[in-house]
Amino acid sequence: MTLIVEAVGKREVEKYGIHVPRGFLVELPEGARKATEEIGGKVVIKAQVRTTGRAGQGLVGFADSPEDAARFAERMLGRIVKGFPVTQVLIEEFLDISREYFAGIITDTKEGRPLVIFSSRGGSGIEEIARDHPESVAKVHIDYTRGLRPFEARELARKTGLSGKEMVGMGAFLEKLYAAFIGVEARSLEVNPVVLTSDGRFVAADCHLTVDDYAVFRHPELDVEIARELGHPPTALEKSAYACEKDDYRGTFYFIQLESDVKKGEGWLGFHGSGGGGSMMSMDAVSDQGFKVADFCDTSGNPPASKVYRAGRIILAQSGIDGYFLSGSGVASQEQYHGARGLIKAFREEPLRIPAVIRLGGNREELAIEYLNRFCADLPVTVEAYGKDDKVTFCAERMRALIDEHTSPSDAELEAVKPLHNTDTPKLPYEFKTLTGKITFDHAKCAKCESKACIEACKPGILELNDKGAPALNISLDDAARGKCTECLACEAECFYSGETAVRIELPIPGLM
Amino acid sequence: MAVLIDKTDKVIVQGMTGREGRTRTKLMLGYGTNVVGGVTPGRGGEVVEGLPVWDSVLEAQDAAGPINTSVLFIPAPLVKSAAIEAFTAGVKLIVIVPDRVPLHDVMEIKAAAVEYDADFLGPNTLGTLSPGVGVLGMMGGSAESARKFFKSGTVGVSSRSGGITSSIAYYLGKAGIGVSSIVHVGGDPIVGLPHPEVLRRFESDPDTKAVVMFGEIGGTQEEDAAELIESSGFTKPLIAYIGGKGAREGTRFSHAGAIIEGGRGTYQGKIDALKAAGAAIAPTYDAIPEVTIQVLKDRGIGIS
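Remember, predicted model here, so these are calculated numbers, not experimental data.

Caption draft 1: Expanded view of the overall build of chain A. Secondary structure assignment for chain A yields 17 helices and 25 strands. Projected onto its principal axes, the C-alpha positions of chain A cover 85 × 50 × 45 Å. The buried share of chain A, reckoned over its 513 residues, is 51%. Expressed as a percentage of contacts within chain A between residues at least 6 apart in sequence, the contacts between residues at least 24 apart total 72%.

Caption draft 2: How the structure looks around the sheet that holds strand E4 (residues 60–63) of chain A. Residues and elements named next belong to chain A. Across the sheet, four strands lie side by side as E2-E7-E3-E4; this open sheet has antiparallel pairing. The open sheet has two free edges, formed respectively by strand E2 (23–26) and E4, since each of these has just one partner strand. In this sheet, adjacent strand axes meet at a mean angle of 20 degrees when their direction is disregarded. Sheet topology note: the strand E3 (residues 43–47)/strand E7 (residues 89–93) ladder contains five bridges and is antiparallel. Paired with Ala-47 across the bridge in E7 is Val-89. Taken strand by strand, helix H2 (residues 29–39) contacts E2, E3, E4 and E7, and its axis lies near 15 degrees from that of E7. Each of E2, E3, E4 and E7 is contacted by helix H3 (residues 66–76), which is oriented at about 10 degrees to E3, the strand it contacts most.

Caption draft 3: The arrangement of the environment of Ala317(A) in detail. Residue and element names in this part refer to chain A. Of note, Ala-317 is situated in the loop between helix H9 (305–316) and strand E18 (323–328). Residue class for Ala-317 comes out buried when judged on the 20 C-beta atoms lying within 10 Å of it. As a C-alpha pair, Ala-317 and Glu-350 span 33 residues in sequence and 8.8 Å in three-dimensional space. Look past the residues within four positions of Ala-317 in its chain and what remains in contact with it is Leu-237 and Leu-512.

Caption draft 4: Representation of the domain arrangement of chain A in the model. Domain annotation of chain A identifies domain 1 (22–93), domain 2 (97–222), domain 3 (236–415) and domain 4 (429–506). On a C-alpha basis, the centroid separation for the pair domain 1 of chain A and domain 4 of chain A is 58 Å.

Caption draft 5: Region of interest: the domain arrangement of chain B. All names here are of chain B. By domain assignment, chain B separates into domain 1 (10–121) and domain 2 (150–298). Each of domain 1 and domain 2 has a C-alpha centre, and the two are 27 Å apart. Across the contact, nine residues belong to domain 1 and seven residues belong to domain 2. Counting only elements with at least two residues in the side of domain 1 that touches domain 2, the list comes to helix H4 (103–115) and strand E7 (119–121). Per-element accounting of the side of domain 1 that touches domain 2 gives the leading share, five residues, to H4. For the side of domain 1 that touches domain 2, a count of residues per class yields six nonpolar, no polar and three charged.

Caption draft 6: Region of the structure containing unusual backbone geometry. Cis geometry is adopted by the peptide bond preceding Pro351(A), which originates at Glu350(A) and carries an omega value of -15 degrees. One can find Pro351(A) in the loop between helix H10 (337–349) and strand E19 (356–359). With an omega of 5 degrees, the peptide bond between Gly122(B) and Pro123(B) qualifies as cis. The phi dihedral of Asp223(A) is positive, around 55 degrees, even though this residue is not glycine.

Caption draft 7: Here's a closer look at the interface of chain B and chain A. Taken residue by residue, the interface counts 55 residues in chain B and 56 residues in chain A. Put simply, the parts of the chain that give the side of chain B that touches chain A at least two residues each are helix H1 (19–30), H4, helix H5 (143–149), helix H6 (162–174), strand E12 (210–216) and helix H9 (255–261) of chain B. Here the element with the most residues in the side of chain B that touches chain A is H4(B); it accounts for seven residues. A per-class count over the side of chain B that touches chain A returns 23 nonpolar, 21 polar and eleven charged.

Caption draft 8: View of helix H12 (residues 392–404) of chain A. Residue and element names in this part refer to chain A. With 13 residues, H12 should cover 18 Å at 1.5 Å per step; its first-to-last C-alpha distance of 19 Å lies within 8% of that length. Among the residues of H12, Val-392, Cys-395, Ala-396, Arg-398, Met-399, Leu-402 and Ile-403 are the ones counted as buried. For H12, the buried positions fall inside an angular range of 155 degrees around the axis, keeping them on one side. Against the buried residues of H12 lie helix H8 (276–288), E18, E19 and strand E20 (383–386).

Caption draft 9: Geometry of the sheet that holds strand E11 (residues 179–184) of chain B. Residue and element names in this part refer to chain B. Spatially, E9-E8-E11-E10-E12-E13-E14 is the arrangement adopted by the seven strands of the open sheet, whose pairing is mixed. One side of each edge strand has no neighbouring strand; the edge strands of this open sheet are strand E9 (134–137) and strand E14 (280–281). Bridge count for strand E10 (residues 152–159) against E11 is five bridges, and the pairing is parallel. When the bridges of E11 are listed, Val-157 appears paired with Ile-182. Contacting E10, E12, strand E13 (238–243) and E14, helix H11 (residues 288–298) runs over the sheet at an angle of about 160 degrees to E13.

Caption draft 10: Representation of the packing of helix H7 (residues 195–203) of chain B against helix H8 (residues 221–230) of chain B. All names here are of chain B. In the contact formed by H7 and H8, the axes pass within 8 Å of each other and the chain directions differ by 35 degrees. Residue-level inspection shows His-195, Pro-196 and Leu-199 of H7 in contact with H8, the latter providing Gln-221, Glu-222, Asp-224, Ala-225 and Leu-228. Taken together, the residues of the contact of H7 with H8 sort by class into four nonpolar, two polar and two charged.

Caption draft 11: View of the nonpolar core. In terms of nonpolar packing, the biggest core is built from 232 residues, with Leu174(A), Leu177(A), Leu372(A), Leu72(B) and Ala83(B) touching the most fellow members. Once residues within four sequence positions are removed from consideration, Leu177(A) is found in contact with Val13(A), Ile18(A), Ala103(A), Ile105(A), Leu189(A) and Val191(A). Grouped together as the second largest cluster of nonpolar side chains are 19 residues, Val26(A), Ala35(A), Val49(A) and Val89(A) included.

Caption draft 12: The packing of H2(A) against H3(A), seen in detail. Residues and elements named next belong to chain A. Relative orientation of the contacting elements H2 and H3 amounts to 145 degrees, with a least axis distance of 8 Å. Crossing handedness for the pair H2 and H3: right-handed. Side by side, H2 and H3 meet where Pro-29, Glu-30, Ala-32, Arg-33, Thr-36 and Glu-37 of the first sit next to Pro-66, Glu-67, Ala-69, Ala-70, Ala-73 and Glu-74 of the second. Residues that form the contact of H2 with H3 fall into these classes: six nonpolar, one polar and five charged.

Caption draft 13: Examining the environment of Leu269(A) more closely. Residue and element names in this part refer to chain A. Mapping Leu-269 onto the fold places it in strand E15 (residues 268–274). What makes Leu-269 buried here is the crowd of 29 C-beta atoms within 10 Å. Setting aside chain neighbours within four positions, we find Leu-269 in contact with Val-286, Phe-291, Val-293, Ala-294, Ile-321, Asp-322, Gly-323 and Phe-325.

Caption draft 14: How the structure looks around the environment of Lys7(B). Relative to the assigned elements, Lys7(B) resides in the segment before strand E1 (10–14). Contact partners of Lys7(B), with chain neighbours within four places excluded, come to Asn34(B), Val133(B) and Gly134(B).

Caption draft 15: Local environment of the pairing of strand E11 (residues 186–197) of chain A. All names here are of chain A. For E11, a buried count of eleven out of twelve residues is recorded, marking the element as mostly surrounded by other parts of the structure. Direction of pairing for strand E8 (residues 97–108) relative to E11: antiparallel, over a ladder of eight bridges. Residue pairing in the sheet places Glu-100 in a bridge with Val-195 of E11. Sheet topology places E11 next to strand E12 (residues 202–204); three bridges connect them, and they run antiparallel. Bridged to Val-195 within E12 is Val-203. The hairpin turn running from E11 into E12, its antiparallel successor, is four residues long, and Gly-200 in that turn takes a positive phi close to 85 degrees.

Conventions adopted
- Residues numbered from 1 in each chain as written.
- Chains lettered and ligands numbered in written order.
- Predicted model: local features only at pLDDT ≥ 70, side-chain atom pairs only at ≥ 80, totals over all residues.
- Helix = DSSP H or I, 4+ residues; strand = E, 2+ residues; numbered from the N terminus.
- Buried ≥ 20, exposed ≤ 12 C-beta atoms within 10 Å, placed from the backbone.
- Contact = placed C-beta atoms within 7 Å.
- Pairing = 2+ DSSP bridges.
- Axes fitted to C-alpha atoms, helices over the stretch in contact; angles between N-to-C directions.
- Domains from an automatic or database assignment.
- Nonpolar A, V, L, I, M, F, W, Y, C, P; charged D, E, K, R; others polar.
- Expected span 1.5 Å × (residues − 1).
- Arc of directions from axis to C-beta.
- Core = buried A, V, L, I, M, F, W, Y, C linked by C-beta atoms within 7 Å.
- Left-handed = near helix turned anticlockwise from the far one by under 90°.

The following block contains the structure:
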């Protein structure tokens, strides 16, 4: 889930008719001064950072004058809070509070339904309220299809002691809050406190909103750059990884950079897991060997070779790692050679400078192991490939041994590594787009080719020899671009191995090249 | 016998014309699942793996019904409509393979399942497999490897991780222990059949004598499983492993979440709850087969 900053949360709930304090989002102390002048009177200054408990960290202040507000803003702006710099502060009117409440809606994952929680006591944490004043808390699960009914909303207020206009007003507030929860597809939406002002309005004095990562694609209004709980501002590599992943629904590619200050010789690994449970277990295995993981990466759910290639490139873009370790659960359902094809393209293109242990256990693992051995044999570093009958602990031990005996390859050795793709300018280019990239054949080279290995390698069978004996699509360009070409990368690899290296598959990685 | 598959149940594949749909239709057919056809709106009349494609689930029901089960291989944003379409057409079990299905869509699917008295496995599941009976989803990958990986027997497997589901079954098999059914409950925060629901089905399956459960930190499925044991809803031996011992605790539990979770969801909390309920805990992943053998011996249960 992704935490949305207060100002954006308030902007969203306001669309559903909820009152929020009059305020301005500013980025400079001067802006805070102007905003305070505009508002007139006492103001609240709140740093806009994705964290909780701001008041205790000096990230909330009160000021009576524009000068004081500017001073507060100056103190907050530029501070680093949990890795996130404070770049914006919210200047809001100071509310004339008559009473405070807590209102929240969460996704109850056990029940699979929204849970509305209301308390007639607001301000402090809901856990403490529930512990010390259980009678002031009321909850109700909501049938998703039916939604929150007006009487249910009022009943929550009545049960905690509200009556009359106050009960009706709070009922209306909760209805709007529920509509906002549905509207932005929230994981949780909490307002603490809801303030009843002395002039009788219910106002959201704060707004704590988390949204569902899987739904962010249909909510551009939330301005979410990376829909993942990273715990830090997204790094350049994370941005690259997310850009590759967000529109490609084939399988999953998850990447978090756990450490960016990584030095050679300190036992940092580029970690590449496969599958949630398998990745977790594999990470434990390398930790037991004394390694630290620079990143957590998971490619699973039968990703195409192109996705695994991009993951490999992004992992290797982290400098300072001593080894590359890939392992999943051991018995994966997806055909493992797709992953192997992605890796060999990445390893040769880079080229790989550190030892690698690849445990691609599962369906067709023998082919995956064969690929890795065949295409990595001439690399100046060791790549060992394993399968399901090789325990993860053993593989972690191999990683240790390979790193211990590793010597850095020379520049000449690295330069001698040829990538799989055609690096010459094609004389007779034949190209077509794929879902996320482009494939170019040089038909001038193809004319000299005897093996025509690309045709046999193309598992979807979309390549055939044309009347001049050169490989061409037997489907339309549109179909190839829409995914009929599965980006299995086999034509390029086999052409390199037994043909004329006439194929070039370009798979852009935003931010990386 | 199997917990979710029946040899006679008719199965369709929604999204059979796609890359995954085609591949896994082949797997299911090859492993003995009674797949009668598929549905892709706008592609009616096509043939995949020798089977007809229809434009809607209702059309499939009319042409080849009664269809009891549907397996979904379609992009996540389209899953909600397809799932509810299946329910309204009388399908009683759907297997939602894709991941990244928006959570609010899953809540709506859940509400529809209740309304139509139906069940769903997943989302984000590899499905379920019973040796000698069939497979729903993509467990095993291909029929050939599924036959190689899984040995028939008396131990059920329920797991929150897909790869781990098959891996446990495989490593049990290597240790001489066969499986009755293996179920991947799905990796998402809300799933249709969480661990306790799967355990209930294993409880009433005469061919299952014990169950291995792979849990993970987060959520309350494992604690709920422990509760089910405490209330005698599950009485067979349970061998459990919880992953994520060393994983950093993140911000996945919001303040309001903590109020209903009540400190639940942690590694230690899950271990404690399961131990108190009498489950056997495998200390490491590698130890699962060994612990299972010991439990079966102690209870006088044969291993295949």
